[in-house]
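# Architecture and fold: a report
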Amino acid sequence: MPSLPVVFSGIQPSGAPHLGNYLGAIRPWVVEQAESRNYFCIVDLHALTVERDPAQLADQTRELAAVYWACGIDPAHSTVFVQSHVAAHAELGWLLTCLTPMGWLERMTQFKEKARGEQAERVGAGLFTYPALMAADILLYRTELVPVGEDQRQHLELARDLAQRFNHRYGETFVVPQPRIGHLGAGSRVMGLDDPTTKMSKTGGQEAGCILLLDPPDLIRRKVLRAQTDSGREVAVEVAGPGVANLVDIWRAVTGASREDAGRCFDGRGYGELKRRVADALLEVLAPIQDRALALLRDRAELDRRLADGAAVAQPVAAGTLARARRRLGLLSLPGG
Ligand code: ATP
Ligand code: LTN
């Protein structure tokens, strides 16, 4: 039997997970998990790149784990674990940071956006070097495929470049991973409902435009009904402006409908009707996820046990790759180690 390809991906517990995380990442993971050997990580070390409240970080880490499982991540196919439980991530992160030219990091648009307007004194160095840690996450598992949203394309390119650079300098060590972005259709770039020119994000400070997966149903409906649309009055899918196009994309992503289906359903209809249909479709998909997530969150001991099991599976795999990289670099191992 041919062995299954390895998939790795992760989300930061930097806030409550939102619709963009679901449509761009978690749902594609769930849909395709049976065809691969998967590691889905809660990347808490990445969340430390900006200052956080410690109690909140701990809560958000558990919440994200509960959401992963509630969305349908299946332990039979997929290992869920917390990044900082597997120390190899931080260690390989350092080794790769040393291999990364400053110029590569300076080109990262996410860094430029996040640091823009902040004084250099206030921007943590971790925010700058973070793509090297992300590369470590991926390379530790000999990952072949990395399913992410569109915003991560550049970081993935850097992970590939780092794998190749290491292999070239020190000998074949890492598998060069492939991005998996948007191949299932709409949803790889969900925009803010209040500002459809910026992506929906946990930390963009745009609460009204961000649908959290655990938002109460009436709040979700209100956020959708208040979404910014275009200056016209009727939907025309093929020539829609950013606001309407975003709502149509969300509807398509949630229902699995094609662009033609969307045209048949909404062309010539008012924006109000489109919004109501989007809200209905969202609530139908999110209600069972919310029920399952809240149930999981009520049993913290069980949740922590599952995360410990995940770390126990990930740890030896990561340790094996790290040991190989260390040997290649000339780092001594302890006798008997
Ligand atoms: P932050 O606001 O802290 O940067 P984020 O909301 O952008 O967080 P991440 O943890 O950085 O979320 O991303 C996790 C996954 O979700 C990644 O695969 C990313 O591509 C995807 N993702 C994030 N935002 C969106 C979005 N608006 N549309 C589609 N996918 C998204
Ligand atoms: N950088 C990603 C989160 C992330 C990730 C990863 C995604 C960290 N490590 C490894 C895929 C694979 C983000 O901020 N969206």
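What counts and how
Residues numbered from 1 in each chain as written. Chains lettered and ligands numbered in written order. Predicted model: local features only at pLDDT ≥ 70, side-chain atom pairs only at ≥ 80, totals over all residues. Heavy atoms only, no water. Helix = DSSP H or I, 4+ residues; strand = E, 2+ residues; numbered from the N terminus. Rg over C-alpha atoms; globule rule 2.2 N^0.38 Å. Buried < 20%, exposed > 50% of the residue type's maximum accessible area, 1.4 Å probe, protein only. Axes fitted to C-alpha atoms, helices over the stretch in contact; angles between N-to-C directions. Left-handed = near helix turned anticlockwise from the far one by under 90°. Contact = heavy atoms within 4.5 Å. Nonpolar A, V, L, I, M, F, W, Y, C, P; charged D, E, K, R; others polar. Phe/Tyr/Trp six-rings, centres within 6.5 Å; stacked < 30°, edge-to-face > 60°. Lys NZ or Arg CZ within 6 Å of the ring centre and 35° of its normal. 1 Å grid on protein atoms, 1.4 Å probe; cavity = no way out; pocket = protein on both sides within 12 Å on 5 of 7 lines; lining within 4 Å. Points joined across faces, edges and corners; volume = space filled by probe spheres on them.

Let us look at the overall build of the chain. For the chain, the helix and strand inventory stands at 13 helices and 5 strands. For 337 residues, the compact-globule formula gives about 20 Å, and the C-alpha radius of gyration of the chain, at 21 Å, lands near that figure. With the C-alpha coordinates aligned to their principal axes, the bounding extent of the chain is approximately 70 × 45 × 45 Å. For the chain, the residues scored as buried account for 48% of the 337 residues in total.

Our focus in this paragraph is the packing of helix α10 (residues 242–255) against helix α12 (residues 271–298). For the pair α10 and α12, interaxial distance at closest approach is 9 Å and the crossing angle is 35 degrees. Judged by the twist between their axes, the crossing of α10 over α12 is left-handed. Touching Val-244, Leu-247, Val-248, Ile-250, Trp-251, Val-254 and Thr-255 of α10 are Tyr-271, Leu-274, Lys-275, Arg-277, Val-278, Ala-281, Leu-282 and Val-285, all from α12. For the contact of α10 with α12, the per-class residue count stands at 12 nonpolar, 1 polar and 2 charged.

Now for the packing of aromatic side chains. The final tally for this structure, using the stated rule, is 10 aromatic pairs. Ring plane angle 65 degrees and centroid distance 5.0 Å describe the contact between Phe-111 and Phe-128, whose orientation is recorded as edge-to-face. Separated by 17 residues along the polypeptide, Phe-111 in helix α6 (residues 109–115) and Phe-128 in helix α7 (residues 125–139) bring together distant segments of the chain. By the ring-pair criterion, three or more aromatic residues cluster together here, those being Phe-8, Tyr-39, Phe-81 and Tyr-141. A cation over a ring is seen here: Arg-37 above Tyr-39, with NZ or CZ 4.9 Å from the ring centre. Over the ring of Trp-69 we find Arg-306, and its NZ or CZ is 4.7 Å from the ring centre.

In this section: the layout of surface pockets. What the second largest pocket holds in volume is close to 220 Å³. In terms of lining, the second largest pocket is formed by Leu-45, His-46, Leu-48, Thr-49, Ala-90, Gly-93, Trp-94, Thr-97, Gly-126, Thr-129, Tyr-130 and Leu-133. Mapped onto the lining of the second largest pocket, the elements with two or more residues apiece are α2 (44–47), α4 (88–97) and α7. Looking at the lining of the second largest pocket residue by residue, the classes come out as 6 nonpolar, 6 polar and no charged.

Any functional reading would require information beyond the geometric quantities listed.
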